[in-house]
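Take a look at the letters that make up each chain.
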Amino acid sequence: MDFVAILKELFSGVLYLATGAGLKTLAMFAIAGILIYLAIRKDYEPALLLPIGFGAILANLPPVIDAVTGVGAASALGEHGFLTVLFNAGIANELFPILIFIGVGAMIDFSPLLKDPSMIFFGAAAQFGIFATFLVSLVLIPIVLPATAGDESLILRLASAIGIIGAADGPTTLYVANHFDLKDYMAPISVAAYSYMSLVPVIQPPVIKALTTKKERMIRMDYNEQRASRLALILFPIIVTAVAGIIVPMSAPLVGSLMFGNLIRECGVLERLSKTAQNELANLVTILLGITIGGTMVAENFLRLDTLLIMALGLFAFVFDTAGGVLFAKFLNLFRKTKINPMVGASGISAFPMSARVIQKIAKEEDPYNFILMQSISANVSGQLGSIVAGGMVITLVSMMLGGIW
Amino acid sequence: MFKWFAALTETAPVVEEVLETVTETVAEPVAEVASNALVALPLFTKGLLVTLMGLLGVFLVLTLFFVTIKLMQKIGTGK
């Protein structure tokens, strides 16, 4: 065999980097590096961004040509590559988001919400951005992506998944995107969702400060120290599952898994399972989910105009979700004698508990003796419920608009 | 009470048959017409419908949760 041919074969990966596709690979390495930098140096949701970044590196390594099919793909991504196996095992069948939600449910304490149930409406108001972005996406997608013009089904489905990014709820975003069979767009949608979740401390404060006055940010709120009854804490997940499952059946898997995790926590007789759900299960699935999502960031699917559009609209959704919660609180204050701190409305998004902590931090900056953390947590947990219900509503309604075929 | 229950079980098949007939002759065709009407709407109108009904639905469900919590609070205090 020709010596040059042998060398070419041995160093095919290096030679690949000098091609056009190879330059895209290098660009993806740079993007992956940014995600890893944000995770390690800036501590922006490292549990998610680091596996995603590393998965992106694995997905963009020079391809190996399959001897049987002749198709080239990074070895981690080929037909039997481990990232493909993980994708089919956990993302394509929507299993990972469900398992994550069991862990999240076991971590959530609904006591603050049960003591002050009026905070639940901020979880609804903060979903405004989802639907506003959905509408804007319907207009922009056919303009920015002319290839989609005329394909109403794709436009509606893509707009749905983009809108849900605003909920700052990664599992729900994945669930909706996968339900609508948007595999080609999974990478930018999931990266946008998880990136913006990790950037809550950066994105929310400017929006809140733009919509509120210093006086409003200094509003103090009373808090009831008494813990909710054990019976209420046990009944709540059961009843919520039944109500949501009856009225919005498409939300049942997510609500059910979240509430199952919560019931394990609150029943008081399954402490081992509760700890396992909060720690081992949540951490294990996070590792696998993160690296699998990173595995979808293949250059051909990611370095496109679609990605920029999805990232921009995702940010729009996030901003308007925050704005929706704040403006709803200000609207309620027009009719209330005891005022609500409008910042609490901003924590009605699903980024639990980060958003609540961000709100408390801003409140403390304005007034060191203002403690609105528990009210913010109430709104934050209701945001978790609101985002799941919103996801179920979007799936149900858009499926109806598509003639019930999804 | 047993007589009442026996009467109820006797009438149940009749009620089931009536409901089946109503479903086949009225509800299903209406549902099909409604579905076709929705599919035929312009894209932005579909979007507006999804937005309005979606937001209403989210508020409705969370209002139900609010009512649930209020009821549980009353149970908890024994009222």
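Residues numbered from 1 in each chain as written. Chains lettered and ligands numbered in written order. Predicted model: local features only at pLDDT ≥ 70, side-chain atom pairs only at ≥ 80, totals over all residues.

J.: How do you make sense of the overall build of chain A when you look at a structure like this?
T.: Of regular secondary structure, chain A possesses 22 helices and 2 strands. Taking the principal axes of its C-alpha atoms as reference, chain A extends roughly 85 × 50 × 50 Å. Here chain A holds 406 residues, and 54% of them are scored as buried. Pairs at least 24 apart in sequence give 75% of the contacts found in chain A among residues at least 6 apart. (Helix = DSSP H or I, 4+ residues; strand = E, 2+ residues; numbered from the N terminus. Buried ≥ 20, exposed ≤ 12 C-beta atoms within 10 Å, placed from the backbone. Contact = placed C-beta atoms within 7 Å.)

J.: Just to check I follow, could you spell out the overall build of chain B for this structure?
T.: Helix and strand content of chain B: 2 helices and 0 strands. Scored against the burial criterion, the 79 residues of chain B give a buried share of 18%.

J.: It is not clear to me how the confidence of the model for chain B should be interpreted in this structure. Could you clarify?
T.: As a note on interpretation, predicted positions should not be read in detail where pLDDT is low. Here chain B shows a mean pLDDT of 81. Residues at 70 or above account for 89%. For this predicted complex, the interface confidence reaches an ipTM of 0.84, while the overall pTM sits at 0.84. (pLDDT = per-residue confidence, 0-100.)

J.: What is the right way to read unusual backbone geometry from this model?
T.: Trans peptide bonds make up the majority, and among non-glycine residues the majority have a negative phi. Residue and element names in this part refer to chain A. Cis rather than trans, the peptide bond between Phe352 and Pro353 has omega equal to -10°. Mapped onto the elements of the fold, Pro353 is located in the loop between α20 (343-346) and α21 (354-366). Positive phi is not limited to glycine here, since Asp43 has a value of about 60°. The residue Asp43 is located in the loop between α3 (20-40) and α4 (46-59) in this model. Even without a glycine there, the phi angle at Ala168 is positive, about 55°. Secondary-structure assignment places Ala168 in the loop between α10 (152-165) and α11 (170-179).

J.: Would you mind going over the interface of chain A and chain B with me for this structure?
T.: As a measure of interface size, the accessible area lost when the parts come together is often cited. Listed per partner, the contact involves 39 residues of chain A and 25 residues of chain B. Elements with a minimum of two residues in the side of chain A that touches chain B: α8 (120-125), α9 (128-144), α10, α15 (230-247) and α22 (373-401) of chain A. Examining the composition of the side of chain A that touches chain B, we find that 11 residues originate from one element, α22(A), more than from any other. Class assignment of the residues belonging to the side of chain A that touches chain B gives a composition of 31 nonpolar, 7 polar and 1 charged. (Nonpolar A, V, L, I, M, F, W, Y, C, P; charged D, E, K, R; others polar.)

J.: Help me understand the nonpolar core, please; the structure alone is not making it clear to me.
T.: A:Ile189 and A:Val389 are the most contacted members of the largest nonpolar core, which has 146 residues in total. Ignoring anything within four residues of it in the chain, the contact list for A:Val389 reads A:Ala244, A:Val248, A:Ser251, B:Val58, B:Val61 and B:Leu62. (Core = buried A, V, L, I, M, F, W, Y, C linked by C-beta atoms within 7 Å.)

J.: What should I look at first to understand α11(A) in this one?
T.: Every α-helix carries 3.6 residues per turn, so stepping three or four residues along brings you back to the same face. Residue and element names in this part refer to chain A. Most of α11 is tucked away, with 10 of its 10 residues classed as buried. Among the residues making up α11, those that are buried are Gly170, Pro171, Thr172, Thr173, Leu174, Tyr175, Val176, Ala177, Asn178 and His179. Tucked into the core, α11 has its buried residues touching α5 (82-91), α6 (95-107), α10, α12 (186-198), α16 (252-266) and α22. Remark: Asp181 follows α11 within two positions and exhibits a positive phi of approximately 55°.

J.: Explain the packing of α10(A) against α22(A) to me, please; I cannot follow it from the model alone.
T.: A pair of packed helices is captured by two measures, namely the crossing angle of their axes and the spacing between those axes. Residues and elements named next belong to chain A. Running from N to C, α10 and α22 point in directions that differ by 170°, and their axes come no closer than 10 Å. Here α22 runs roughly antiparallel to α10, going by the angle between their axes. For the pair formed by α10 and α22, the contact residues are Leu156, Arg157, Ser160, Gly163 and Ile164 on the first element and Gly391, Val394, Val398 and Met401 on the second. (Axes fitted to C-alpha atoms, helices over the stretch in contact; angles between N-to-C directions. Parallel < 35°, antiparallel > 145°, perpendicular 65-115°, else oblique.)

J.: Mind showing me how you'd approach the packing of α5(A) against helix α17 (residues 271-295) of chain A here?
T.: Residue and element names in this part refer to chain A. Following both chains from N to C, one finds α5 and α17 inclined at 115°, their axes separated by 9 Å at the closest point. Taken as a pair, α5 and α17 cross one another with a handedness that is left-handed. Taking contact as the criterion, the partners of Leu83, Leu86, Phe87, Gly90 and Ile91 in α5 are, on α17, Leu288, Leu289, Thr292 and Gly295. Residue composition of the contact of α5 with α17, by class: 6 nonpolar, 3 polar and no charged. (Left-handed = near helix turned anticlockwise from the far one by under 90°.)

J.: Looking at this model, I keep getting lost on α17(A). Mind explaining?
T.: Compared with an ideal rise of 1.5 Å per residue, which puts 25 residues at 36 Å, α17(A) spans 35 Å between its outermost C-alpha atoms and is within 8% of the ideal. At A:Ala277, α17(A) is bent by approximately 40°, the largest bend along its length. (Expected span 1.5 Å × (residues − 1). Bend = angle between axes of the 7 residues up to and from the residue.)

J.: Help me understand the environment of A:Leu303 in this model?
T.: Residues and elements named next belong to chain A. Within the secondary structure layout, Leu303 lies in the loop between α18 (299-302) and α19 (305-333). Taking the C-beta count within 10 Å as the criterion, Leu303 has 19 such neighbours and is therefore assigned partly exposed. For the pair Leu303 and Pro188, spaced 115 residues apart in sequence, the C-alpha to C-alpha distance is 9.2 Å. Setting aside chain neighbours within four positions, we find Leu303 in contact with Lys24 and Ala27.

J.: How should the environment of A:Asp184 be read in this particular structure?
T.: Summarising the element assignment, A:Asp184 is placed in the loop between α11 and α12. Once the C-alpha coordinates of A:Asp184 and A:Ile98 are considered, the two residues, 86 residues apart in sequence, prove to be 22 Å apart.

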